[in-house]
Amino acid sequence: MSTASAAPVRSRRVRGAGLGVAAWLIGLLFFLPIAWMALTSFHSEADAATNPPSWAAALTLDGYREFFGVGGGASPWPALINSTVASLASTLCVLLLALPAAYALSIRPVKKWTDVLFFFLSTKMLPVVAGLLPIYLFAKSTDFLDNIWLLVILYTSMNLPIAVWMMQSFLAEVPVAVIEAAHLDGARLPTILARVVAPIAAPGIAATALICFIFSWNELLFARVLTGVVAETAPVFLTGFITSQGLFLAKVCAASLVISLPVLAAGFAAQDKLVQGLSLGAVK
């Protein structure tokens, strides 16, 4: 290989190595707060409150014991179960409603479908606080306060617009010839959606489901105002550790880490589907 042709190759290698190092540094920058929170959760309250933090302090599980109510405190399991029910049920409802809507907007001819998508997205432009009081009054008048199914309905309505918008771009990649062949074989619409469209668009559906699950799991404002004891969710339970007596940093970090684990586990388990789904339609 001549010197002239070897120079561009070395330049590309150096550029690639530089981009790799930059990517690792950015990744570590995002990972550092999580590592700090995890380490702090294993410290005692006295060591966690030191400034600057004591990295070499003795490790303990007291924060996790207090979070799980070993010392006589409130148990987090009802709140975790409520969050799981609200997140999974609302995500399932969103998928069942968004799939036919996205199918109609992407595969079936719909006039001014871009206006329809803009209408869906415009519903997300309303500040959440603006709709909080009417929803609270409605829930109070219908005896629906402190009810987990009220959160399921709210989370479904909140996530449905973004789910339709996402799945429309995913379903646009489904070959029309496959759907037409299913029609010729006598398949009805539910069969086509379940056995033809859903398997082909599985990565996009998985990405949409994961995002809706994360949004539902992390939602705090509606859950804080509309629930009390029976339907309390995990984020609301977490805010109970911040009291007038002070901020118990180690216990808060332990609770935050435990509450974040379901989302992290779901993201790790579906990371391949998430990458495939989010990259659908990126290259034409």
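Residues numbered from 1 in each chain as written. Predicted model: local features only at pLDDT ≥ 70, side-chain atom pairs only at ≥ 80, totals over all residues. Heavy atoms only, no water.

The protein chain has the name Carbohydrate ABC transporter permease in an unreviewed UniProt entry, where Streptomyces bluensis is given as its organism. Looking at the protein chain in UniProt, the text filed under Sequence similarities (unreviewed entry) is "Belongs to the binding-protein-dependent transport system permease family." The Subcellular location (unreviewed entry) comment attached to the protein chain in UniProt states, word for word, "Cell membrane". (UniProt positions renumbered as here; feature names shortened; annotations may be inferred.)

We now examine the packing of aromatic side chains. What the rule picks out here adds up to five aromatic pairs. Taking the centre distance of 5.1 Å and the plane angle of 40 degrees together, the rings of Phe42 and Tyr64 count as tilted. Here the residue Phe42 occupies a position in the loop between helix H1 (3-41) and helix H2 (45-48), and Tyr64 occupies one in helix H3 (residues 62-67), the gap between them amounting to 22 residues. With relative accessibility at 30%, the residue Phe42 sits in the partly exposed group. Residue Tyr64 is classed as buried on the basis of its relative accessible area, which comes to 13%. The structure contains a cluster of three or more aromatic residues connected by ring pairs, namely Phe67, Phe68, Trp77 and Phe237. (Phe/Tyr/Trp six-rings, centres within 6.5 Å; stacked < 30°, edge-to-face > 60°. Helix = DSSP H or I, 4+ residues; strand = E, 2+ residues; numbered from the N terminus. Buried < 20%, exposed > 50% of the residue type's maximum accessible area, 1.4 Å probe, protein only.)

What follows is about empty space enclosed by the protein. Under the defined criterion, the tally for this structure stands at two cavities of 30 Å³ or more. The calculated volume of the largest cavity comes to roughly 40 Å³. As for the largest cavity, its lining consists of Trp36, Leu39, Thr40, His43, Asp47, Ala48, Pro53, Ser54 and Trp55. Among the elements of the structure, H1 and H2 are those that each provide at least two residues to the lining of the largest cavity. The element contributing the most residues to the lining of the largest cavity is H1, with three residues. The residue makeup of the lining of the largest cavity, split by class, is five nonpolar, three polar and one charged. Ser83, Ala86, Ser87, Tyr155, Ser216, Trp217, Glu219, Thr233 and Pro235 together form the lining of the second largest cavity. (1 Å grid on protein atoms, 1.4 Å probe; cavity = no way out; pocket = protein on both sides within 12 Å on 5 of 7 lines; lining within 4 Å. Points joined across faces, edges and corners; volume = space filled by probe spheres on them. Nonpolar A, V, L, I, M, F, W, Y, C, P; charged D, E, K, R; others polar.)

Here we take up helix H7 (residues 148-171). Between its first and last C-alpha, H7 extends 32 Å over 24 residues, near the 34 Å set by a 1.5 Å rise per residue. Taking the largest bend as the criterion, H7 deviates by roughly 40 degrees, centred on Leu160, and proline Pro161 comes between one and four positions later. Burial runs high along H7: 17 of the 24 residues are buried. Where H7 begins, the capping side chain belongs to Asn147, and its oxygen is found 2.9 Å from the backbone nitrogen of Trp149. (Expected span 1.5 Å × (residues − 1). Bend = angle between axes of the 7 residues up to and from the residue. Polar contact = N/O pair within 3.5 Å; in protein donor to acceptor, adjacent residues only side chain to side chain.)

Turning to a nonpolar patch on the surface, a few remarks are in order. Where nonpolar side chains cluster on the molecular surface, the patch consists of Val21, Trp24, Leu25, Leu28, Phe31 and Ile34 and spans about 670 Å² of accessible area. Within the secondary structure, Ile34 sits in helix H1. The exposure class of Ile34 is partly exposed, given its relative accessible area of 38%. (Patch = residues over 30% accessible without salt bridge, like charges linked within 9 Å, V, L, I, M, F, W, Y side chains within 5 Å. Areas by Shrake-Rupley, 256 points an atom, 1.4 Å probe, with all protein chains shown as cover. Salt bridge = Lys/Arg side-chain N within 4 Å of Asp/Glu carboxyl O.)

What follows is about the layout of surface pockets. Which parts of space are left empty comes out when a probe the size of a water molecule is rolled across the atoms. Considering only enclosed or pocket space, the largest pocket measures out at about 310 Å³ in volume. Looking at the largest pocket, the residues that line it are Thr123, Lys124, Leu126, Pro127, Val128, Gly131, Ile135, Leu154, Ser157, Met158, Pro161 and Phe222. Ranked by residues supplied to the lining of the largest pocket, first place goes to H7 with four residues. Estimated volume of the second largest pocket: approximately 260 Å³. Lining of the second largest pocket is provided by 14 residues; of these, Trp217, Asn218, Ser256, Ile259 and Ser260 occupy positions nearest its centre.

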